[in-house]
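Residues per chain are reported as follows:
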Amino acid sequence: MKNYKKAYIAGGCFWGMEDLFRTRPGIKNTEVGYQGGENENPTYRNHPGHAEGIELTYDPDETSFKEILDYFFRIHNPTTLDQQGNDRGSSYRSAIFIQNEEERAAAEAVIKIVNESNKWEGDVVTTLEPYATFWPAEDNHQDYLIKNPNGYTCHYERFGESFISNAD
């Protein structure tokens, strides 16, 4: 295996995010799960404080952490607190789980660009949280929209144009 890296994000129901990210350039694997909560071994029915998130394995020679965040901010609404579509509660918060200072700086820079773009009606409320154990979700939640093509999702590309392409 090459020198792949992992990124951890949450932006509402994990099924829709996984489905969109799986085909992105440089993304080598996706896994949905729970992160940032109160209990060990969380489940779909018992994950207090955990966000429904996604672990992205990516090739840094093909995509960057900033490019991942750019897409993240185009496929969910980062201005709604603890909500995406019909889903409400802290499980559906917008969050980036930061592993190091390089990621923190990149996340802060992308958030600034997104806010200054004025494409969203409000300011970004995405939290920058320290990396916490990522607990993979149950098998029936992995690749859910492949297994259930008519399943629910509130994720889609809201903006075709990159936030960062004109900012770097």
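Read on for an overview of the structure. (Residues numbered from 1 in each chain as written. Predicted model: local features only at pLDDT ≥ 70, side-chain atom pairs only at ≥ 80, totals over all residues. Heavy atoms only, no water.)

**Quick word on the overall build of the protein**
From N to C terminus, the protein includes four helices and eight strands. Listing the helices and strands of the protein from first to last along the sequence gives β-α-β-β-α-β-β-β-α-β-β-α. Taken over C-alpha atoms, the radius of gyration comes to 15 Å for the protein, in line with the 15 Å a tight globule of 168 residues would show. Along the first, second and third principal axes, the C-alpha set of the protein runs to 40 × 40 × 35 Å. Within the span of the protein, comprising 168 residues, buried residues form 49% of the whole. Of the contacts made within the protein by residues no fewer than 6 positions apart, 77% connect residues no fewer than 24 positions apart. Taken as a whole, the protein presents about 8,300 Å² of accessible surface, with 44% of it coming from carbon and sulfur. Side chains of the protein give 16 positive and 28 negative charges; the mean places of these two sets differ by 3 Å. (Helix = DSSP H or I, 4+ residues; strand = E, 2+ residues; numbered from the N terminus. Rg over C-alpha atoms; globule rule 2.2 N^0.38 Å. Buried < 20%, exposed > 50% of the residue type's maximum accessible area, 1.4 Å probe, protein only. Contact = heavy atoms within 4.5 Å. Areas by Shrake-Rupley, 256 points an atom, 1.4 Å probe, with all protein chains shown as cover. Lys, Arg positive; Asp, Glu negative; His and termini not counted. Charge placed at Lys NZ, Arg CZ, Asp CG, Glu CD.)

**Here we look at the pairing of strand β1 (residues 5–11)**
Burial analysis of β1 places five of its seven residues in the buried class, which makes it a mostly covered element. Here β1 pairs with strand β3 (residues 51–58) via six bridges, running antiparallel. Bridging from a neighbouring strand, K5 pairs with Y58 of β3. Sheet topology places β1 next to strand β6 (residues 94–98); four bridges connect them, and they run antiparallel. Note that in β6 the partner of A10 across the bridge is A95. (Pairing = 2+ DSSP bridges.)

**Details of the packing of aromatic side chains**
One pass over the structure, following the stated rule, counts ten aromatic pairs. The interplanar angle of 15° and the centroid separation of 3.7 Å between the aromatic rings of W15 and Y144 together place this pair among those described as stacked. Taken together, the residues span a long stretch of sequence, with W15 in helix α1 (residues 14–21) and Y144 in helix α4 (residues 144–147) at a distance of 129 residues. Comparing W15 with Y144 shows no difference in burial state: the two are buried. Members of the aromatic cluster, joined through ring pairs, are F14, W15, Y34, Y44 and Y144. The lysine or arginine in question, K119, covers the ring of F163, its NZ or CZ lying 5.1 Å from the ring centre. Sitting over the face of the ring of Y156, R158 holds its NZ or CZ atom 4.1 Å from the ring centroid. (Phe/Tyr/Trp six-rings, centres within 6.5 Å; stacked < 30°, edge-to-face > 60°. Lys NZ or Arg CZ within 6 Å of the ring centre and 35° of its normal.)

**Observations regarding the sheet that holds β6**
Pairing is mixed in the open sheet, where six strands are placed in the order β7-β6-β1-β3-β2-β8. Across the chains shown, the open sheet's two edge strands, defined by having one partner strand only, are β7 (127–130) and β8 (135–136). The strands that α1 touches are β1, β2 (27–35) and β3; relative to β2, the one it contacts most, it runs at about 170°. (Axes fitted to C-alpha atoms, helices over the stretch in contact; angles between N-to-C directions.)

**Comments concerning helix α2 (residues 65–75)**
Three or four residues apart is the spacing at which side chains of an α-helix point the same way, because the helix has 3.6 residues per turn. Within α2, nine of the eleven residues are buried, which leaves it mostly tucked inside the rest of the structure. Along its buried surface, α2 packs onto β1, α1, β2, β3, β6 and α3 (101–117).

**Here we look at the packing of α2 against α3**
One can describe the packing of α2 onto α3 by two numbers: an axis separation of 10 Å at closest approach and a directional angle of 40°. As judged from the angle between their axes, α2 and α3 are oblique. Regarding α2 and α3, the two cross each other, and that crossing is right-handed. Contacts between α2 and α3 pair F65, K66, L69, D70 and F73 from the former with E103, A106, A107, A109, V110, I111 and V114 from the latter. Looking at side-chain class alone, the contact of α2 with α3 contains nine nonpolar, no polar and three charged residues. (Parallel < 35°, antiparallel > 145°, perpendicular 65-115°, else oblique. Left-handed = near helix turned anticlockwise from the far one by under 90°. Nonpolar A, V, L, I, M, F, W, Y, C, P; charged D, E, K, R; others polar.)

**Regarding the pairing of β6**
Across the five residues of β6, five count as buried, placing the element largely inside the fold. Of the two faces of β6, the one holding S94, I96 and I98 and the one holding A95 and F97 are both buried throughout. Strand direction decides the pairing type here: β6 and β7, joined by four bridges, are parallel. When the sheet's bridge partners are listed, I96 is paired in β7 with L128.

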